[in-house]
Amino acid sequence: MCKEIVDGKTMKRTLTRITYEIIEKNKGKQDLILVGIRTRGAYLAQRIQTRLRQLEDYEVPAFSLDVTNFRDDVQEKNGQQLEFTADDINNKNVVLVDDVLYTGRTIRAALDAIMSIGRPEKISLAVLVDRGHRELPIRADYVGKNIPTSHQEVIKVAVAEVDDGDSISIVNSEV
């Protein structure tokens, strides 16, 4: 069973609100960069980058990050290189962007990846959905929606770039 809980219009408003929060917390600093976790987090980072350009009239670099090689629960590593360098992140305010925050393991892998190549001044976390059930002490700085779930439910984020449109749905995995 699949139940849509956020439509495309609401998702766009939510990303705009997150963008405003990023602007307010960073006070227009030019040393900001966005790092989106693949797949959907990378697209969300690009959307935030576009909104920052529209709202503040400055370009914030946005990169995507594949955390596969840094996960503790994946045996086969894909050998993929990171697309940013130490010069891109050293002494910068990095906003890590992901679609769903669940156990915190993906975020831990992303932090390991970032720290393996450089030393940012600060790392913040922006997520579209926080569904709870953390296994690690990780908390998002910018949250679009808090959606409490059971362990049997899955949050599905659809983005137009790879899916049929924008939405957030809850899928019951017991069915």
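Residues numbered from 1 in each chain as written. Predicted model: local features only at pLDDT ≥ 70, side-chain atom pairs only at ≥ 80, totals over all residues. Heavy atoms only, no water.

1. Side note on the side chain of Asp-66
Topologically, Asp-66 is positioned in the loop between strand E3 (62–65) and helix H3 (86–89). One buried charged side chain, Asp-66, makes no salt bridge at all; its nearest oppositely charged neighbour is Arg-38, positioned 4.4 Å away. At a separation of 2.6 Å, a polar atom in the side chain of Asp-66 contacts the side chain of Thr-68. (Helix = DSSP H or I, 4+ residues; strand = E, 2+ residues; numbered from the N terminus. Buried < 20%, exposed > 50% of the residue type's maximum accessible area, 1.4 Å probe, protein only. Lys, Arg positive; Asp, Glu negative; His and termini not counted. Salt bridge = Lys/Arg side-chain N within 4 Å of Asp/Glu carboxyl O. Polar contact = N/O pair within 3.5 Å; in protein donor to acceptor, adjacent residues only side chain to side chain.)

2. Here's the deal with the UniProt feature "short sequence motif: PRPP-binding" (unreviewed entry) in the chain
The UniProt feature table records "short sequence motif: PRPP-binding" (unreviewed entry) at residues 94–106. Helix and strand shares over residues 94–106 are 15% and 62% respectively, and the end C-alpha atoms of the span are 16 Å apart. (UniProt positions renumbered as here; feature names shortened; annotations may be inferred.)

3. Some remarks on the side chain of Asn-26
Structurally, Asn-26 can be placed in helix H1 (residues 8–26). Among all residues touching Asn-26, those that are not within four sequence positions of it are Leu-32, Asn-93 and Tyr-142. (Contact = heavy atoms within 4.5 Å.)

4. Details of the packing of H1 against helix H2 (residues 40–56)
It is the contact of H1 with H2, at a shortest axis distance of 9 Å, that shows an interaxial angle of 65 degrees. Crossing of H1 against H2: the hand is right-handed. Seen from H1, the contacting residues are Met-11, Leu-15, Thr-16, Ile-18, Thr-19, Tyr-20, Ile-22 and Ile-23; seen from H2, they are Leu-44, Arg-47, Ile-48, Arg-51, Leu-52, Leu-55 and Glu-56. Of the residues belonging to the contact of H1 with H2, the class tally is 10 nonpolar, two polar and three charged. (Axes fitted to C-alpha atoms, helices over the stretch in contact; angles between N-to-C directions. Left-handed = near helix turned anticlockwise from the far one by under 90°. Nonpolar A, V, L, I, M, F, W, Y, C, P; charged D, E, K, R; others polar.)

5. Focus: the packing of aromatic side chains
Under the definition given, this model contains one aromatic pair. With 5.6 Å between their ring centres and 55 degrees between their planes, Phe-63 and Phe-84 make a pair best called tilted. Pair noted here: Phe-63 is in strand E3 and Phe-84 is in the loop between E3 and H3, with a separation of 21 residues, a long-range link. Between the NZ or CZ atom of Lys-25 and the centre of the ring of Tyr-142, over which it lies, the distance is 5.0 Å. Sitting above the plane of the Tyr-102 ring, Arg-131 keeps its charged end 3.8 Å from the centroid. (Phe/Tyr/Trp six-rings, centres within 6.5 Å; stacked < 30°, edge-to-face > 60°. Lys NZ or Arg CZ within 6 Å of the ring centre and 35° of its normal.)

6. Here we look at the sheet that holds strand E7 (residues 153–158)
Reading across from one edge, E1-E8-E7 is the order of the three strands in this open sheet, with antiparallel pairing throughout. Two strands close off the open sheet at either side, each with one partner strand: strand E1 (2–6) and E7. Averaged over all adjacent pairs, the angle separating strand axes in this sheet is 30 degrees, with direction ignored. Bridge analysis of E1 against strand E8 (residues 167–172) gives four bridges, and the strand direction is antiparallel. Bridged to Val-6 within E8 is Ile-168. (Pairing = 2+ DSSP bridges.)

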